[in-house]
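The lines below spell out each chain.
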Amino acid sequence: MFPWLGYGHITPYLELAKKLTTKGFFIYLCSTEITLSSIRTKIPPNLSNSIELVPLPLEVSPDDLPEKYHTTNGLPPHLMVKLKEAFDNSKQNFSSLLQKHKPDLLIFDFLQPWAPPLAEALNIPSVIFITSSSVMTSFMFHHFSDPGAEFPSENIRFRHYESRFMDELLANARDCEEREKGSAGVNMSREIVLIKGSREIEGRYIEYVSGLTGKRFVPVGPLVQEPDDQKSSSELLSWLDQKEAKSTVFVSFGSEYFLSKEDMDGIAHGLLQSKANFIWVVRFPETEVLLEDKLPEGFLDKVGERGKIVQGWAPQTRILVHPNVGGFVSHCGWNSVMESFKFGVPIVAVPMHLDQPINARLVEEVGAGEEVLRDGDGRLNAETVAAVINRVVVEDGVRAKVDEIKARLTLMGDGEIDEVARELMSICSKSLI
Ligand code: UDX
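Residues numbered from 1 in each chain as written. Predicted model: local features only at pLDDT ≥ 70, side-chain atom pairs only at ≥ 80, totals over all residues. Heavy atoms only, no water.

(A) Seen up close, the packing of aromatic side chains. Applying the stated criterion across every chain yields a total of 15 aromatic pairs. Ring geometry for Tyr7 versus Trp313: centroids 5.1 Å apart, planes at 90°, classification edge-to-face. You can see Tyr7 sitting in helix α1 (residues 7-21) and its partner Trp313 sitting in the loop between β9 (307-311) and α13 (316-320), a full 306 residues away along the chain. Note on Tyr7: relative accessible area 10%, which makes it buried. For Trp313, a relative accessible area of 41% translates into the label partly exposed. Measuring from centroid to centroid gives 5.1 Å for Phe26 and Tyr28, while their planes differ by 75°, and the two rings are edge-to-face. For Tyr28, a relative accessible area of 25% corresponds to the partly exposed category. (Phe/Tyr/Trp six-rings, centres within 6.5 Å; stacked < 30°, edge-to-face > 60°. Helix = DSSP H or I, 4+ residues; strand = E, 2+ residues; numbered from the N terminus. Buried < 20%, exposed > 50% of the residue type's maximum accessible area, 1.4 Å probe, protein only.)

(B) Spatial organisation of the site of the ligand. In the region of the ligand, 19 residues are neighbours, and Ser255, Ala314, Ser336, Glu339 and Asp355 sit closest. In isolation the ligand offers 660 Å² of accessible surface; the protein chains occlude 95% of this area. When residues of the shell around the ligand are assigned to their parent elements, the largest contribution, four residues, is made by helix α14 (residues 334-343). Of the residues in the shell around the ligand, the class split is six nonpolar, 10 polar and three charged. (Near = heavy atom within 4 Å. Areas by Shrake-Rupley, 256 points an atom, 1.4 Å probe, with all protein chains shown as cover. Nonpolar A, V, L, I, M, F, W, Y, C, P; charged D, E, K, R; others polar.)

(C) View of the nonpolar core. Membership of the largest hydrophobic core comes to 109 residues, with the highest contact counts inside it found for Ile267, Trp280 and Phe341. Apart from residues lying up to four places away in sequence, Ile267 is in contact with Val251, Phe253, Leu259, Trp280, Val329, Val350 and Leu380. In terms of nonpolar packing, the next biggest core, distinct from the first, is built from 31 residues, Ile43, Leu47, Val218 and Cys428 among them. (Core = buried A, V, L, I, M, F, W, Y, C linked by side-chain atoms within 4.5 Å. Contact = heavy atoms within 4.5 Å.)

(D) Highlighting the sheet that holds strand β6 (residues 216-219). Read from one edge of the open sheet, four strands run β3-β4-β5-β6, paired in parallel fashion. Each edge of the open sheet carries a strand with a single partner, namely β3 (106-108) and β6. Neighbour to neighbour, the strand axes of the sheet diverge by 30° on average, direction disregarded. (Pairing = 2+ DSSP bridges. Axes fitted to C-alpha atoms, helices over the stretch in contact; angles between N-to-C directions.)

(E) Examining the side chain of Ser340 more closely. Here Ser340 lies in helix α14. Setting aside anything within four residues of it in sequence, one finds Ser340 in contact with Leu320, Phe328, Val345 and Ile347.

(F) Main features of the packing of α14 against helix α17 (residues 399-412). Closest axis-to-axis distance for the α14/α17 pair is 6 Å, and the angle between their directions is 90°. In this view, α14 runs roughly perpendicular relative to α17, as classed from their interaxial angle. The segment α14 lies against α17, with Phe341, Lys342 and Phe343 engaging Ile405, Lys406 and Leu409. Its residues assigned to classes, the contact of α14 with α17 comprises four nonpolar, no polar and two charged. (Parallel < 35°, antiparallel > 145°, perpendicular 65-115°, else oblique.)

If you want it as structure tokens, here you go:
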């Protein structure tokens, strides 16, 4: 497996790896050391004989990537750029690893344009695993290939203040097509595409994108990290234990992007004006900052016992499964959305970038949450933030639907993985003939 560098990409690969080991696969999971470090402790000891982490040696000088940065989720943006450059310059090293380990199949991220041709040169078939949603992927292919045709849903669109994302999206789609062309014809297995998600949620988009591309999109299931069952209780979780059932909202915007000062103000005042308790994970591009300098003046004094501000990182899945959490103010990164669905947590959607607005529209479409609409200039308004939190969390506005989605996903179990395992086994055995 060769995921892309970001934390939101490598974790679904690890979850897929874990599932596939139960079906008899041995997995090499290859990435840069700094990326692997973010997941090393997440491999259960009983799987250490079935999953091997393989570090990709990077063509980079230690001055460019100081060793004190251990994981990608703490990496400042300018160093992330360096890491991406070094990654793209390490093709030869990846090829050497393929020659050394000789896998029967390469599973790669579609953000890696250069990996499949290297595998194909060694007669190793490859399959794409897309970690984004099917709604987003189908929307992208739709606008790229046939924008005049009817899209399966008219709810799924960018709002006017998000128009710049459409250009970025089309640029991505163009890239994808180039990559496909780069290896077309050599690889017999490329008629299937693995995608993170479930037919229970996105059935019609999975069908649509399969028809549009002529490839069979096979969903791998929600692939949600189970909350680690460390018994050691943190101060944060003890604080949450004291709150009433479903009274607290978890506020977090993923591992890659940072809130603008205006969005920060809108969220801070919105939380104070709402009737919910809150845990807010705040992240900044700078490494050393004082919260007082970054949050609105006087905010920290007003929080009191109602809220906890966590700087940098919090154990998201452990918090989401907690019975006293009643909602999730989220940017709608696809992992966060799936975690909410799986654990039955209503979403207050505050999308910020690229795929997140489209995921947020899906959240509303399936009835699992409500989006905070920005004003005409794209600004977040504190009153609106508070009103949506109150409707979704305090008044339990979407609870019945969220419980139903959770029940359907639970019932589905690992059904989709069985199908994926059969498909992959068949590709591996064909390549051995
Ligand atoms: C990125 C893109 O931003 C997103 O748009 C895309 O859909 C996936 O890739 P990211 O921003 O990291 O993802 O968000 P998300 O997909 O939600 O993944 C974040 C992951 O980090 C989740 O699994 C979440 O549980 C975890 N996390 C995040 C924590 O455990 N603690 C935190 O404090 C923040």
